Amino acid sequence: MARGAEFFGCEHAILCGAMSWVSERNLVAAISNAGGFGVIACGAMTPELLDAEIAGTKALTSKPFGVNLITMHPMLFDLIEVCAKHEVGHVVLAGGLPPKGSIEAIKAMGAKVICFAPALALAKKLVRSGVDALVIEGMEAGGHIGPVATGVLAQEILPELAADIPIFVAGGIGRGEMIATFLEMGAAGVQLGTRFVCATESIAHPAFKKAFLRANARDAVSSVQIDARLPVIPVRALKNAGTEAFTAKQREVAQKLDDGKVDMGEAQLEIEHYWAGALRRAVIDGDIENGSLMAGQSVGMVTAEEPVAAIIANLLDQAAIAVTRMK
C-alpha cells in the first residue's frame, strides 16, 4: 500500500467511497483520523453547502481528505473553485467523462485528479488526459454501477496500467484477503463504501443501518432501465418499495421526453435528483421502505456497528495474514 498511501498522504491506502448523505464530515474525518482517506460526497450540493462541509470536516481532522464531484453537476467549475479555496489536495471526478477544462482546472489549483475508469480503453484515454490516479469499480458496488465485475476489470486494467499510474480497486470488497489479492495484482490501494455505512461515526439513520445488518449479498440488486433513450446508469440497492417507485419515475420522465417538456440533459438531471431525494429519505429520515437503500453486494459482510478505526484495523489484520500465506 506504500504507493497509494504516499499518493494520498495517509497511512493506509483505503479510500471511503463517496456515498451521498453518508460520506459527510463525521465519517470522512473519522476515516482520515484512523489512517485511511476520507472523501466528501458533494453530490447535488451547492457551492455554499460544499464550502461549509469542507470547513466542517477540517474542524474535525487535520489529516488529508478529498472531495468527490459529479461531472454532470451544472455548477462543477464553481465547486472546483470551492475546493481550491480550501486547498483540497485530491478531487475525485465521478459520473461520466470529465467535461472539457475540468481536469486542467483542478490541476491548476495544485490538486491531484482521480477518475473512474469502467473499461481499459477509457482508462488509457483518462491517463492521456492527465489524470493522476484511477479508480476501477466493478458492478458489485453500491450506488451507480457499470456492467463489468471487479475481478474482470482488475485483470484487464491492472496489468496494462498499474506501472504507469496509481490504481485503486473498488466494488464488493468486504474483507482484507480481497484487499491483499488486488495489491498483489498491482493495485495501489482499494476503495470501500458499504463496509463503512454502519460505522459508529456514520450519521446514517439507525433504521438504515439495521437494514444493512439484516441484508445479505442477494438483497443488493441492480435497477432496471425501462427506456433505452433515458440516460439511466444502473443503481445497486437493497430491494424495497422504492425500487418499484424508480421504475415509475422512469416512465414519468420518458413521457416528458415524448411530450417535449424536457430535453435529454434535463431528463438525466431529473433522474439524478430523484436518487438524491430517495437516498436522503432512507439515510437521514430512516424511511427504509420508500427511500433508496444503496448498498454493494458486500453488505452481507457488514455484521455489526463498530468504530471506523476497528473496521480498518480488522481489514489490515486480515490482509496481513493473507499476504503471509502468499509468500
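See the structure shown above.
Fair warning: this is a prediction, and the values are worked out from it, not measured in the lab.

What counts, and at which threshold
Residues numbered from 1 in each chain as written. Predicted model: local features only at pLDDT ≥ 70, side-chain atom pairs only at ≥ 80, totals over all residues. Heavy atoms only, no water. Core = buried A, V, L, I, M, F, W, Y, C linked by side-chain atoms within 4.5 Å. Buried < 20%, exposed > 50% of the residue type's maximum accessible area, 1.4 Å probe, protein only. Helix = DSSP H or I, 4+ residues; strand = E, 2+ residues; numbered from the N terminus. Contact = heavy atoms within 4.5 Å. Arc of directions from axis to C-beta. Pairing = 2+ DSSP bridges. Axes fitted to C-alpha atoms, helices over the stretch in contact; angles between N-to-C directions. Salt bridge = Lys/Arg side-chain N within 4 Å of Asp/Glu carboxyl O. Right-handed = clockwise from strand over helix to strand, strands pointing away. Parallel < 35°, antiparallel > 145°, perpendicular 65-115°, else oblique. Left-handed = near helix turned anticlockwise from the far one by under 90°. Polar contact = N/O pair within 3.5 Å; in protein donor to acceptor, adjacent residues only side chain to side chain.

Brief notes about the nonpolar core
Here's step 1: Within the largest apolar cluster, 90 residues are counted, with the highest numbers of intra-cluster contacts made by L50, L69 and F196.
Here's step 2: Among the elements that take part in this core, helix α12 (residues 264–283) stands out by supplying 8 residues, more than any other.
Here's step 3: Counting residues in hydrophobic clusters, the runner-up holds 14 residues, among them C10, F37, I114 and A170.

Examining the environment of V22
Here's step 1: For V22, the location among the structural elements is in the loop between β1 (14–16) and α2 (25–33).
Here's step 2: In contact with V22, other than residues within four places in its own chain, are L27, S202 and V283.

Section: helix α6 (residues 120–129)
Here's step 1: Listed in full, the buried residues belonging to α6 are L120, A123 and L126. On an axial view of α6, the arc spanned by its buried residues comes to 120°, and they lie on one face. What points out from α6, more than 90 degrees from its buried face, is the exposed set A121 and R128.
Here's step 2: Lining the buried residues of α6 we find β5 (112–116), β6 (133–137) and α7 (150–161).
Here's step 3: Immediately beyond the C-terminal end of α6, within one or two residues, lies G130, with a positive phi of roughly 105°.

What about the sheet that holds β5?
Here's step 1: Spatial strand order, β1-β9-β8-β6-β5-β4-β3-β2: 8 strands in an open sheet with parallel pairing. Strands with a single pairing partner mark the edges of an open sheet, and in this sheet they are β1 and β2 (38–41). Adjacent strand axes in the sheet meet at a mean angle of 25°, parallel and antiparallel pairs treated alike.
Here's step 2: In the packing of α2 onto the sheet, contacts are made with β1, β2 and β3 (65–70), and the angle to β2 comes to roughly 165°.

Points about the pattern of salt bridges
Here's step 1: The final tally for this structure, using the stated rule, is 13 salt bridges.
Here's step 2: A salt bridge links E160 to K124, with the shortest nitrogen-to-oxygen separation between them at 3.8 Å. One end of the pair, E160, is in helix α7; the other, K124, is in helix α6, with 36 residues separating them in the sequence.
Here's step 3: When its relative accessible area of 33% is taken as the criterion, K124 is described as partly exposed.
Here's step 4: One salt bridge connects E252 with K249, and the closest N-O pair in it is separated by 3.2 Å. Taken together, the residues span about one helical turn, with E252 and K249 both in helix α11 (residues 241–258) at a distance of 3 residues.

Topic: the pairing of β3
Here's step 1: Across the 6 residues that make up β3, a large majority, 5, are buried.
Here's step 2: On the question of chirality, the crossover connecting β2 to the parallel β3 by way of helix α3 (residues 47–58) is right-handed.
Here's step 3: Examined bridge by bridge, β3 and strand β4 (residues 90–94) share 4 bridges and lie parallel to one another. Bridged to N68 within β4 is V92.
Here's step 4: For the segment spanning β3, helix α4 (residues 76–85) and β4, crossover handedness is right-handed.

A short note on the environment of Q318
Here's step 1: Its location among the elements puts Q318 in helix α13 (residues 308–326).
Here's step 2: Expressed as a C-alpha distance, the spacing of Q318 and R175, which sit 143 residues apart in the sequence, is 6.9 Å.
Here's step 3: Residues within four places of Q318 in sequence aside, it is in contact with R175, G176 and E177.

Side note on the packing of α3 against α4
Here's step 1: Interhelical geometry of α3 versus α4 gives an angle of 25° and a closest axis separation of 9 Å. Regarding the angle of α3 to α4, the classification is roughly parallel. With respect to the hand of their crossing, α3 and α4 are arranged in right-handed fashion. Contact with α3, carried on its side by P47, L50, D51 and I54, involves D78, L79, V82, C83 and K85 of α4 and no other residues of that element.

Digging into the side chain of T61
Here's step 1: Within the element layout of this structure, T61 appears in the loop between α3 and β3.
Here's step 2: Relative accessible area serves as the criterion here: at 7%, T61 is assigned to the buried category.
Here's step 3: At 3.0 Å, the side chain of T61 and the backbone nitrogen of K63 are in polar contact.
Here's step 4: T61 has contacts with A29, S32 and N33, leaving out every residue within four places of it along the chain.

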